[in-house]
Amino acid sequence: MDYPIFPKECTSLLSKYLSQDIFEELKNKKTTNGFTLANAINSGVKNLDSGIGIYAGDAESYELFSALFNKIIEDYHGFSSEATHKSNLTIDDVKMKELDDDYVLSTRIRVGRNLANFPLGTIISKVQRDEVERLVSMALNALEGELAGEYFPLLGMTSEVQNRLIKEHFLFKEGDRFLEAAGLNRDWAEGRGIFHNHDKTFLVWLNEEDQLRIISMQKGGDVLKVFSRLVKAINELEKQLSFSYSERLGYIASCPTNLGTAMRASVHIKLPKLAEDMSRFKAITDKYHLQIRGMNGEHSETKEAIFDISNRRRLGVTEVEAVQDMIDGVEALIQMEKKLEG
Ligand code: ADP
Ligand code: ARG
C-alpha cells in the first residue's frame, strides 16, 4: 500500500495524523493476529467523510500502531498517552437530576464489549465469530429476573421484524459503509443477532461493530433506572464471560472512540427553540462534552427537532462521569430551551 493522499476537504482524524513518517514507521508491522496498518486505515481511506477513519484488529493493534492511535485517541478523548483509564460503575456516585419527561422522550445507555482471547470483528474468522455468538448467547440465556429474555439470530429473522426493530431503535442498521470497509460486515448476517428481555428495556447486539453492545433503555428521563439496569447486566455477564480490558485503555473496542468505558449515554430530546439557534445549541454541547446525533443514530439526520444527545468522551472518564456529562449537559439544554420559550 502507498501513502494515501487525502483531499483538502477531508477532515478525519486519520487524515490529520497519518504523516508520511508515521506511515513509513508502521506500514510493515503486523499484530500476532495478522492485522496491518492497511487494514486499520481502510475505512478512512475509502470513506473520505469519516470523522475518525481508523479501527483496530485486536488489543495489540493499539500498542503496535500507537504512534498513530495515541494521537487520534488524545484528540478525540483528551486522553494523553501517559494517562491510565479508571472505571467506576457505582450507581450511588451519580448525582442525579431528574430529567424532565416533557422534553426527554427516551433514555438509552450502552457499552461495547469484546471477548478476551478473540480478535476483534475487523479480522475475526467466521469460525471464531460463530464461537463468540455461541458463548455469548449461552451466557445471555442464563440471565434471570428483569434481564431474562431471548436471543434472535439475524439469520432467519423476517425483514418485517428486522425493519420494525430498527425503526423502533432497538436493532442496528445493515450495510454501514464505514463498517463495511473496516471488515466488520464480512459474512453478514452469520453470527449476528439481538437478545432482548420481554419489555425491550435490556438488549444486547451481537457481532456488529463490537462483539457485544450491552444496552439498557426505556421511555422518559429516568437515567438512574437505566444506568442501574445496565450495571446489573454488566456485572452478571462478567461472571460468565471474560472481556478484553487493558490497564491503560480500559475496555478494548474496535473503534478508538469507544475505548475506556465504551459507554454512550444518550437521550432523545425535543428542542424546537434551540434547533433554530444551532450556535447556541453547540456552545452548550461543547461545554459539557456532548455529541449531537440524529433521530436514527449516527450519521442520520434530525427530524422534528428531536436530537440524540450523548457523552462524547468515553476514555479517561469513569462510567459515572460519562453519564454525569450527559445528565448535566441535558439539564443545561432544557434550561436554555425553557428560557427561549419565554
Ligand atoms: P450506538 O449507540 O451503538 O453508538 P447508534 O448511534 O447507531 O449506535 O444508535 C443505535 C440506535 O439506538 C439507533 O436506532 C438510535 O436511534 C437509537 N438510540 C440512541 N439513543 C437513543 C435514545 N436515547 N432513545 C431511543 N433510541 C436511541
Ligand atoms: N468510522 C466512522 C467515522 O470515522 C465512525 C467513527 C465513530 N463511530 C463509531 N460508531 N465507531 O466517521
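Up top is the structure these notes are about.
Residues numbered from 1 in each chain as written. Chains lettered and ligands numbered in written order. Predicted model: local features only at pLDDT ≥ 70, side-chain atom pairs only at ≥ 80, totals over all residues. Heavy atoms only, no water.

## Quick look at the site of ligand 2
Here comes step 1: Around ligand 2, the neighbouring residues are Ser 50, Gly 51, Ile 52, Gly 53, Tyr 55, Phe 178, Glu 209, Cys 255, Thr 257, Asn 258, Glu 298 and His 299.
Here comes step 2: Gly 51 has a polar backbone atom sitting 2.8 Å from an oxygen atom of ligand 2.
Here comes step 3: The backbone of Gly 53 places a nitrogen or oxygen atom 3.0 Å from an oxygen atom of ligand 2.
Here comes step 4: Each residue belonging to the shell around ligand 2 can be placed in one class, and the counts come to four nonpolar, six polar and two charged. (Near = heavy atom within 4 Å. Polar contact = N/O pair within 3.5 Å; in protein donor to acceptor, adjacent residues only side chain to side chain. Nonpolar A, V, L, I, M, F, W, Y, C, P; charged D, E, K, R; others polar.)

## Remarks on the site of ligand 1
Here comes step 1: Surveying the vicinity of ligand 1 reveals 18 residues, the closest of which are Ser 106, Arg 108, Arg 213, Ser 266 and Arg 293.
Here comes step 2: Arg 108 has a polar side-chain atom sitting 2.5 Å from an oxygen atom of ligand 1.
Here comes step 3: Contacts to ligand 1 include Asp 308, whose side-chain N or O atom sits 3.4 Å from a nitrogen atom.
Here comes step 4: Here ligand 1, which alone exposes 560 Å², has 93% of that area covered by the protein.
Here comes step 5: Looking at the shell around ligand 1, the elements that each hand over two or more residues are β1 (104–113), β5 (212–219) and β8 (263–270).
Here comes step 6: Split into classes, the residues belonging to the shell around ligand 1 amount to four nonpolar, seven polar and seven charged. (Areas by Shrake-Rupley, 256 points an atom, 1.4 Å probe, with all protein chains shown as cover. Helix = DSSP H or I, 4+ residues; strand = E, 2+ residues; numbered from the N terminus.)

## Here we look at the packing of helix α11 (residues 278–287) against helix α12 (residues 319–341)
Here comes step 1: Closest axis-to-axis distance for the α11/α12 pair is 9 Å, and the angle between their directions is 155°. Put simply, α11 runs roughly antiparallel to α12. Here α11 runs over α12; the crossing is right-handed. Along the contact surface, α11 presents Arg 280, Phe 281, Ile 284 and Thr 285, while α12 presents Gly 329, Ala 332, Leu 333, Met 336 and Leu 340.
Here comes step 2: Of the residues belonging to the contact of α11 with α12, the class tally is six nonpolar, two polar and one charged. (Axes fitted to C-alpha atoms, helices over the stretch in contact; angles between N-to-C directions. Parallel < 35°, antiparallel > 145°, perpendicular 65-115°, else oblique. Left-handed = near helix turned anticlockwise from the far one by under 90°. Contact = heavy atoms within 4.5 Å.)

## A closer look at the packing of aromatic side chains
Here comes step 1: The full count for this structure, using the stated rule, is seven aromatic pairs.
Here comes step 2: Geometrically, the ring pair formed by Phe 172 and Trp 205 is edge-to-face, given 5.3 Å between the ring centres and 80° between the ring planes. Pair noted here: Phe 172 is in the loop between α7 (159–167) and α8 (177–182) and Trp 205 is in strand β4 (residues 202–206), with a separation of 33 residues, a long-range link. Trp 205 carries the same exposure label as Phe 172, and that label is buried.
Here comes step 3: Ring centres of Phe 281 and Phe 307 lie 4.8 Å apart, and the angle between their planes is 75°; on these two criteria the pair is classed as edge-to-face. In this pair, Phe 281 is assigned in helix α11 and Phe 307 in strand β10 (residues 306–311), connecting sequence segments 26 residues apart. This pair shows no difference in class: Phe 281 is buried, exactly as Phe 307 is.
Here comes step 4: Members of the aromatic cluster, each reached through a chain of ring pairs, are Phe 172, Trp 188 and Trp 205.
Here comes step 5: Over the aromatic face of Tyr 251 sits the side chain of Arg 113, whose NZ or CZ is 3.4 Å from the ring centroid. (Phe/Tyr/Trp six-rings, centres within 6.5 Å; stacked < 30°, edge-to-face > 60°. Buried < 20%, exposed > 50% of the residue type's maximum accessible area, 1.4 Å probe, protein only. Lys NZ or Arg CZ within 6 Å of the ring centre and 35° of its normal.)

## Structural notes on the pattern of salt bridges
Here comes step 1: A complete count under the given rule lists 18 salt bridges for this structure.
Here comes step 2: Its salt-bridge partner being Arg 229, residue Glu 146 comes within 2.7 Å of it at the nearest N-O pair. Of the two residues, Glu 146 is situated in the loop between α6 (126–141) and β2 (149–153) and Arg 229 in helix α9 (residues 223–240); the sequence distance between them amounts to 83 residues.
Here comes step 3: The class for Glu 146 is partly exposed, based on a relative accessible area of 36%. (Salt bridge = Lys/Arg side-chain N within 4 Å of Asp/Glu carboxyl O.)

## A short note on unusual backbone geometry
Excluding glycine, residues mostly have negative phi values, and the peptide bonds linking residues are mostly trans.
Here comes step 1: Here Trp 188 and Ala 189 are connected by a cis peptide whose omega angle stands at 5°.
Here comes step 2: Its location among the elements puts Ala 189 in the loop between α8 and β3 (193–197).
Here comes step 3: The backbone phi angle of Asn 207 is positive, close to 55°, even though this residue is not glycine.
Here comes step 4: Checked against the element boundaries, Asn 207 lands in the loop between β4 and β5.
Here comes step 5: Residues other than glycine seldom take positive phi values, yet His 289 does so here, at roughly 55°.
Here comes step 6: When you line up the elements, His 289 lands in the loop between α11 and β9 (290–293).

## Description of α6
Here comes step 1: Here α6 spans 22 Å end to end across 16 residues, near enough to the 22 Å set by a 1.5 Å rise per residue.
Here comes step 2: If you check which residues of α6 are buried, you get Arg 129, Val 132, Glu 133, Val 136, Ser 137, Ala 139 and Leu 140. Mapping the buried residues of α6 onto a view down its axis gives an arc of 155°, with all of them on the same face. Away from the buried face of α6 by more than 90 degrees, exposed residues Val 127 and Met 138 are located.
Here comes step 3: Summarising the contacts, the buried residues of α6 are in contact with β2, β3, β4, β5 and α9. (Expected span 1.5 Å × (residues − 1). Arc of directions from axis to C-beta.)

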